[in-house]
Amino acid sequence: MKSKKLLLCFAVAIAWLVGPESAHAYIGPGAGFAFLSGGLVLIGSLFLAIGILAIYPLKMIYRFVIGKGRIKGDTKRLVIIGFDGMDPRLAQRFMDEGRMPNMKALADEGTFSPLQTSYPSMSPVAWSSFATGVDSSRHNIFDFITRDPCTYLPILSSTEITSGEKALLKIGKKEFFKRPTSSMRLLRKGTPWWKTLGEKGIFSNIIRVPITFPPEEFNGVCLSGMCVPDLKGTQGSFTFWTTDPALSGPDAGGDVFMVGRSGDTMRCPITGPQDPSANEISPMRIPMRIDVLTENEKIRLTIGAKGKEQVIELGVKDYSEWVTLEFKSKKGKAKITGIARFYCMGTGPEFGLYMTPINIDPSNPAMPIAYPTVYSIYLAKKHGPFATLGLAEDTWALNERVIDEEAFWKQALNIWQERRLQLFDALEKTPKGSVVCVFDGTDRVSHMFHRYLDPSHPANEGKDTEWGKDKVAEIYGIADDLVAEVRKKLDPKRDRLMIISDHGFCQFKRGINLNAWLRDNGYLVLKESAPVDEESGKQISRDWLTDVDWHKTKAFSLGLTGMFINRAARERDGIVTEGAEFKAVKAEIIDKLSQLVDPKTNELIFREVFDAEKIFTGPYVFQAPDLFMGYKRGYRNSWDCATGACPAEVFSDNTKSWSGDHCIDPREVPGVLFSDTPINTDTPNLMDLGPTALKLFGTDVPANMQGKPLF
């Protein structure tokens, strides 16, 4: 084990040696002292540090001779802050109301403009276009999920994770000491602009930009964002223990456990990831006892086996600090740690305790969530544990009403503060090059509190309409305060600042199930064994296209904006042939959907239905959905359409707390662009940011990039 740690020290030293001058602040040997143990390791690290200092003058001479890392032009540092989901209409409104004076000042000095977003307009697609400077047909991300054409089952669009076993010792064909292992592959194509900068020796610090998991190797540091899983391998599964039977049975997003109460004591084991040593499905668990302290309205959590317990006291409506959870396999050979926070919803008359999804522990990551790996360890050791889950704000716990708006708001602010510390650390440690940091709170609060901006929203029924009515404006104000803090850290003579968002927002009031429409119009056929809705007499299908008869189906929908033609040249049981039939099916569906009217409002619901082959020309268009839904504001694919279900009715009211959205016609929901410098166009596009960054540092823009420099 010690030899492995020494090798890690050597790797860290080499990374520092060949990297830019600022890299040592993160990945020098000193950053490892907090997590590497053992005297031999410390002595080895000390000698490495001495060796690095001795070689430093040679390194500087080498860099000077080859010119690597030398920044041309007046701009020495580019800072891009991403406020996911910030909407230009709301930003203008809040600036006019005096709630965003700092961004108003930035707009007056330089630029404020709507920023054209991606097709389709959703975060994984848009941020991939930001990173690569190309559209989705060139970076291959079209949604959060897609279907496997060989099985029709859903798969994550951005990341492929496979598991297996690896032998530590091989003798001939014999393998010994096998252990579980996994491999990860980023499915996004294209080259991020910070990697191109790195090839010129220019350092970048990339914090929580979506679709950067698993992290790629480049000349800089990266903390991965959206699509980092939790410790269970999901995109976020909460746990809720309660005595209230009315809260049992949420259909997705987490686990709700009914608990028995013996006086003021309850026993609630924490369920973790699967035991890698077990032959059958067997999750690892940690014992937990809960004692209700009625005298001071608190609870006491006793977590862990006897003799190794953690004891935590927690007030009602309070979050705990991050708690480290250590899971051990039954055979004792595997040990894995994660972190979670607890929130007590109440102790009487009913008890409720919420636990966040178990995040990968940044100080001891079970899988790579940063490049280099020690970057997350450094941040955790310096600033404390922090959320690592890609979708860290637990929207589904609020959707299922196991927590309330107050609990969600507190969680969002906690995560915002963690990100703020990471940003200012990056600004301090990166005097030259680029710094990019994405804040998700603007997006998540907009999703969950947008209903407060419209009294007629169907999601308001039965919910609070007062407590959260100003929270969207408040999160914009918090973002504005951050901009003021950042500007104090910048030198206007050498630093450039840009504030961007990936898309805007609108109300999501009505959902459309495209599979139900396809069934009603003869394009999707269900098996004879499919369930039947008693009220309507229509056949219906469960999630993930379970009951679809693929030998008779011409089209289907899965995800948030796309529709697939069941093509013979692509899908396993495809029946639509290429050429004339394929074009005819698309044209028929586009024509009929374009005339689809909401029976509740008598309004057309689509601004445009897009043919992928007419809006995309890249090499991955064949893998894409064949049609994209350009909804008008207020509409979106329904929740059950996104999961590939086929219910009785096409239209439904959206009654979930997730009340705002942006998965509509991209022209309806542009993002924002603020800049401390005027730009050269009235129609900036998200794809322009990469070429702009490269141009600012005197680096040639690759020919494959579709965006154009803005300065």
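Higher on the page you've got the structure.
Since this is a predicted model, take the numbers as computed values, not measurements. (Residues numbered from 1 in each chain as written. Predicted model: local features only at pLDDT ≥ 70, side-chain atom pairs only at ≥ 80, totals over all residues. Heavy atoms only, no water.)

**Q** Describe the side chain of D598, naming the residues involved and giving the relevant values.
**A** Relative to the helices and strands, D598 is located in strand β28 (residues 597–598). In this structure the side chain of D598 is engaged in a polar contact, spanning 2.6 Å, whose partner is the side chain of R510. (Helix = DSSP H or I, 4+ residues; strand = E, 2+ residues; numbered from the N terminus. Polar contact = N/O pair within 3.5 Å; in protein donor to acceptor, adjacent residues only side chain to side chain.)

**Q** So, the sheet that holds strand β14 (residues 288–293): which residues are in play, and what are the values?
**A** Within the open sheet, the 4 strands sit side by side as β11-β14-β15-β16. Their pairing is antiparallel. Here the strands that pair on one side only, and so sit at the sheet edges, are β11 (265–267) and β16 (310–315). Between one strand axis and the next, the sheet turns through 20° on average, direction left out of account. As paired strands, β11 and β14 are joined by 3 bridges and run antiparallel to one another. Considered in β14, the bridge of R267 is made with R289. (Pairing = 2+ DSSP bridges. Axes fitted to C-alpha atoms, helices over the stretch in contact; angles between N-to-C directions.)

**Q** Tell me about the sheet that holds strand β1 (residues 77–83), and please be specific about residues and values.
**A** Pairing in this open sheet of 8 strands is mixed, and the strands run β2-β35-β24-β1-β23-β7-β8-β22 from one edge to the other. Taken across any chain shown, the strands that pair with only one partner, and hence form the sheet edges, are β2 (111–115) and β22 (370–371). Where β1 and strand β23 (residues 433–439) come together, 7 bridges link them in parallel fashion. For I80, the partnering residue across the bridge sits in β23 and is V436.

**Q** Requested: an account of the state of the cysteines, with residues and values cited.
**A** Within this structure, the stated rule accounts for 0 disulfides. Considering cysteine sulfurs only, C506 is the nearest to C663, which forms no disulfide, with 9.2 Å between them. C663 sits in the buried class, given a relative accessible area of 2%. (Disulfide = S-S within 2.5 Å. Buried < 20%, exposed > 50% of the residue type's maximum accessible area, 1.4 Å probe, protein only.)

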